[in-house]
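Reading the structure
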Amino acid sequence: MRLRPLCLSLVFAIAGPLQLLAWQQRVHYSMEIVMHVESHSYDGKQQLVYVNNSPDTLRHIYYHLFFEAFKPGSMMDRHDRSLPHGGVLRIGELPPEWQGSVRVESLKQEGSPLTWKIDETILDAALAQPLAPGDSTTLEMTWKTRIPRLTRRGGWMNSEGVEYSMSQWYPKLAEYDAAGWHADEYVQREFYGVYGTFDVALTLPATYVVGGSGRVVNPEEVGCGYELGAVDTLITSPASGTGMKTWRFHAENVHDFAWVADQEYAHQIARWNDVTIHLLYKRSATALWAGASTWIRELLSYYSSRFGAYSWRQFTVAMAGDGGMEYPQLIMVTGYRGASSLLNVIAHETGHQWFYAMVGNNETQEAWLDEGFTQYLTTEAERKLFNLGFNPYEGLEKIVYPWVGSSWTDARSYYQLAIAGYDEPLDTYHDWFREDLTSGLVYYKGMAVVRMMQYMFGDSLFDEAMRHYVDKWRYRHPTTRDLEQAVEEASGMKLDWFFNEWINSTKLCDYAIDALSSEPSAKGYATTITLSNRNEIVMPLDIILTYDDGSKAMANVPVEEWRKPEVEFHLPRWEWVMRDYSTTFITPKRVVRAEIDSSMLLFDIDRTNNIARTGFPESILPASHVAWYRRWDLNRPMDRYSIRLRPALWYSQADGVQLGLVADGGYAFDRYNSKAGIYYNFGSKRVDYDLRYDTPIGLLGRLTKISLIGTNADGVERWGVALTKNIRPYYWDTPYTLDVGLSANHSRLIGENYPNAVAPWSSGSYNTIGVWGSIGSYSGSLHGSISTHFDAGFASASEFAQWRLRADGGLRLWGLDVGGDFFFGTSTGEPPAQLRFNAAGASSVTMHDNVVQRLAMNIRPEFAARNHLVLPGEGYLLAFAGNDSARFGKHLLNMRITVGDLNPFNRFLRVPFLKEFDLGLYGAGGWIFDRSARFSDLEDINLEAGAEVSIDLLRTFLPNVLVNALDSPAPLRLSFYLPFYAHSKLLPAEGFAYRYAIGVSM
Ligand SMILES: [Zn+2]
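Residues numbered from 1 in each chain as written. Predicted model: local features only at pLDDT ≥ 70, side-chain atom pairs only at ≥ 80, totals over all residues. Heavy atoms only, no water.

1. Some thoughts on the overall build of the protein chain
When helices and strands are counted, the protein chain shows 20 helices and 51 strands. The principal-axis extents of the C-alpha atoms in the protein chain amount to approximately 95 × 85 × 50 Å. Put simply, the protein chain has 1002 residues, and 54% of those count as buried. Partitioning the contacts of the protein chain with sequence separation of at least 6, the portion at a separation of at least 24 is 65%. Total accessible area on the protein chain stands at roughly 41,700 Å², and carbon and sulfur atoms take up 58% of it. (Helix = DSSP H or I, 4+ residues; strand = E, 2+ residues; numbered from the N terminus. Buried < 20%, exposed > 50% of the residue type's maximum accessible area, 1.4 Å probe, protein only. Contact = heavy atoms within 4.5 Å. Areas by Shrake-Rupley, 256 points an atom, 1.4 Å probe, with all protein chains shown as cover.)

Structural data, given as C-alpha cells:
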C-alpha cells in the first residue's frame, strides 16, 4: 500500500499529470433486445468490444447475471431470509413465473465458442485467446432472460403499476482494476462497472413509452415526443401504432445502462442549457409531478455550479423502481408521493449523476464515496436551494412543534450509532455491514466526512477542491486515496490522518474547552485558552471568540503546518501526540466567550464541553438552551445542553390538589438526562419533589447506564441508585436483548391517611438491594421474554427477601395473537404490605410507581371497590378484584393463556371507531398463599376464564399532536374484563361481576 504514492510520483515526474491516473478498462456494448411482454421475458444479443488497458494478460472474463438472484435459494434469498425479523423480499415465495433467470445460449470470442460456468450470479468464461495488455477483443453472447416480478430494484410491475423497471437486467461485464476482478455476487445492493459506450436496440410493442440511459437515436421512428427535440412540452396521449417498434439508444462514458417502459407514461420534456430532460411518469401522477421539471433544472444548475458541470446531453427522470435508484443519465423514483418526498428523492438521485455516474467509484467496496457525497449534495440543495430542511413533523404537528433544522440533525443516525458504540468503519463493503441500520452509515457518516472537509478548508476552498476532484476523476473510478490526493492537491493540506480516522476506524471526536481567561496586557488582552482532547480523533479546531462588545473573531488551531484561510488568529499547532493544549495570544478586546465550532460541521459527539465563558456565574454554569415545553423525541438539540420547563397539576387523596414546576434537561439522545420537579400540595400543605438523573457510563462497555433518584411524591419518599446494562449483539436487527441491573433503594411512607383502601401499605421505612436480569427475543411472528428479579431488604421491623420470575411469549397464529404469561413470586421474612403480590393486578408499590395507576389509586376507595377496579400487573385472576383481604399474599404462582385480535369490526369489517377495540379471551390459573399455604393444597387453586375488551384511550380519542405532547406517550389502555367462569374458595359470597382496569402498557 505504501509503495503506490511513490510509484505515482515517479510517473508524474516522467509523464506529466495526465498519466497520473490509474489505468482503466473500456468497453463498447452493442445489444439487441426483443421483448415478449406477455411472458415477461426477452431474447438478447450482445457484442462487446473490450479493451484491456491493464498491464496484465487476462485469461478469464466475468459477467454479472443479476436476474439469477431472483430465484429461491440464491444468495440474495438466503441472505434476506437470515435477517432476524424474517425476509422482506420473499424471493423464496415467488411462483416460477415471477422468478428471474438468465439462460446463456452462446458465448464467443472473435467467433470461437467459449466454455463457461455459472456460480450464483457470476458467469466465468475461459478466454480462447488470452487478452494481452493494450489489446482488445470482441465477445458475442446470445441469451434468454425471464424478467422477475419486481421485488428489489428491477423487474416487471412495481408497486405503483409501472410495467418495466429494467435495471441490472443484462449480462454485464465485471470490472477489472488494479485490485483484480470485481465479480461480486448480487446479494443486496450497489454496483461497479466498466466505463464505455452503449448502443442498445429495444424492440417491444408499439404501445409502450420508453426511456433509457442515453440519447434516442431514432426519434422520428419511435415518436412519443422524442421526435420534438428539446421543447418544453407534456405529452399525455398514449403511444400509437401496432405491432413492434424498435427504440435505439446511444450513451457514451457510462458504466451501466438502464431503461423503463410503460403504456401509461406521460412524457414531459424540459430543457436546461443544452441538456434535454425527459420526465416519464404515470399519467395519473401528472398533478403530483407538477413541480418536478423546475426542481430538476434547478438541481442540475446548482450541482453543476458547486461541483462541476453535468456533462451529458440528456437526463431522464422516470417513475419506476422500488423507491429511488440512480443509473447513468437516468434515475428511477417512485412517484405517488407528496411534494417534499418527491423533491427529496429526485434531489438525491440527481446528485448521484455526479457521484456514481460521472465519478464512478466502486460502490460495492466504498459506498461512502457515492452515497456520502450525494447525501451532502441532497441536504445542501434542500437547505440552500429549496429552503427545506429535514423535518419529520407533518400536518398540525409541523405548526405546533418548532423544528430547528441544524446540520447535525441530518446525521443524527451517525451520532446515535456512534454514541451507542455500534458504528462500523466506513470502508466496510456495503453488503457486509453487520445490519441494515449500520449500512446507512455510508450516507450519514459519509456526509459527515464531506462536511468536515468543508469545515477544515472553508467554504470556497472546499468547493474548489470538490470541483478539482470531479474534474480529475470524471468517467473514472477513484478510491478514497484518490479523493485524498485530489483534495490535497487543491487545498494544500495533508490528509492521510483525516481519512484514516474517519474512514478506517470508528474512533470518536470530542474536544473540550477546559479554561478561558482574558486579562488586560500592554498590547491589548492576554487571552489564554486551555483545551483537551477527550476522545481519540484528532481534528483542527475553529474557535469562535466573542468579545465583550458582542463582536466575534475566529481562531484556528491547526494539526499540521497548513493554515486555514480567512481566520483572524492562527494559533500554534496542536501536535496529535498531545492530549492537552494551552496557548496565550493577544486579542484587541476582552474575550468573554469561546466556542469550538459553532457551524456544527465538526462531528464532535459532546458539545456540552465546547463552550467556555469568563465572568461569574457564567463560567461555572453550563451553557444551555432553556425553553418552555418542547418535543424532544426527535429534536433534542446537539449544540448544547437543553432544559425545558413545564407546569404540573396533580391530585392525590393524601395531599389534595398539587401544583408544581418541572425542569428536565438532557443532551443528544439519552445523555445527561436530569429532572427536577417541585410541587406544593394544597390539601396536606406539604412540598413534594422529584429529582432524577441518568446517563450512559463507559464503566461496563456500551449501553451501560447509571440512574439516581430522590423523590417524594404522593406520600412516598424514595432515594435510590441503579446501574443497568443492555446487551444486544446488534443495535437494531438484534435477535435478542439481555438486560441486567443492580439497585439500592431507601423507601419511606409519609403521612397516616395514605394510602387508600385500594391497596395495602405498611408505614415506616424499608431498604432494598436488588439484582435483576431479563432476556427477550423476537423472531418473525414469535416473541418471548424471561425476567427475574431478586430483592433483599430490611424494614423497620424485620428482614425479608423476594424473588420474582416472569416469562411471557406469543405468536401470530391463523391471524390471531396467541400469548402465554407465567409469574412466580415468593417472599421470605415479613415484607412490607406494599410489596405483597396481588392476585388481581399489580403490587401496591408497582402501582404507585406508575403515574397513571397512581392517579387511579388516588380516586375514592369506595368507588374503586364498588367497580372492582384492577390495575394490570403480575396477577391474572381478575375475578378477585375488590376482594382485598384475599388477593394479596407473600407468594403467587400464576399463569394465563390469551387469544387476542378477535374483534370482527377490525378483522373483517374495518368499521371506524369499533375497529379500535381489542377483543380477546383469556384463561388463567394460580395460587395465592401466605405461610400457611402449600402447593399441595389443591383447594387453593383458582381457575378463571373470561373475555377482555380494551381500547387505547390516547390514540383513539386524542389527535396525534396532543398524544406526542405528553411526557412519554405510551399507550394508555382502558380494559373491561368479564370473567364468565371462576373457581375459587376465596371468592366473595356475591360471586363475580364485570371488572374494569386501567393500565399503561409499554
Ligand atoms: Zn444514494
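2. Some points on the sheet that holds strand β30 (residues 580–587)
The strand order across the open sheet built from 3 strands is β25-β26-β30, with neighbouring strands paired in antiparallel fashion. Sheet topology places β25 (511–520) and β30 at the edges, where each strand pairs with a single neighbour. Taken pair by pair, the neighbouring strands of this sheet meet at an average axis angle of 15°, ignoring direction. Two elements, strand β26 (residues 525–533) and β30, share 8 bridges in a ladder whose sense is antiparallel. Note on β30: the bridge partner recorded for Ala526 is Ile586. (Pairing = 2+ DSSP bridges. Axes fitted to C-alpha atoms, helices over the stretch in contact; angles between N-to-C directions.)

3. Here we look at the environment of Lys685
Within the fold, Lys685 resides in the loop between β36 (671–681) and β37 (687–696). Lys685 gets classed as exposed once you look at its relative accessible area, which sits at 59%. Reaching out from Lys685, the side chain makes a polar contact with the backbone oxygen of Phe682 at a distance of 3.3 Å. (Polar contact = N/O pair within 3.5 Å; in protein donor to acceptor, adjacent residues only side chain to side chain.)

4. Considering the coordination of the zinc ion
Every protein donor of the zinc ion is listed here as His348 (NE2), His352 (NE2), Glu371 (OE) and Glu371 (OE), and their distances to the metal cover 2.0 to 2.7 Å. Taken together, the 4 donor atoms coordinating the zinc ion and their angles of 52 to 154° define a geometry best described as irregular. Between consecutive donor residues of the zinc ion, the sequence gaps follow H-x3-H-x18-E. As far as the burial class goes, His348 and His352 line up, both buried. (Donors = N, O, S within 2.8 Å, 3.2 Å for Na, K, Ca; no water. Tetrahedral: all angles 85-135°; square planar, octahedral: opposite > 155°, others 65-115°.)

5. Quick look at the nonpolar core
The biggest cluster of nonpolar side chains holds 195 residues, and the ones touching the most others in it are Trp169, Trp289, Ile346, Trp368, Phe373, Met453 and Met539. For this core, the leading source of residues is helix α10 (residues 441–457), giving 11 residues. Aside from chain neighbours lying at most four places away, what touches Phe373 is Phe307, Phe355, Trp368, Val450, Met453, Met466, Tyr469 and Leu483. Core analysis: the second largest hydrophobic core is formed by 16 residues, Ala840, Phe880, Tyr977 and Ala997 among them. (Core = buried A, V, L, I, M, F, W, Y, C linked by side-chain atoms within 4.5 Å.)

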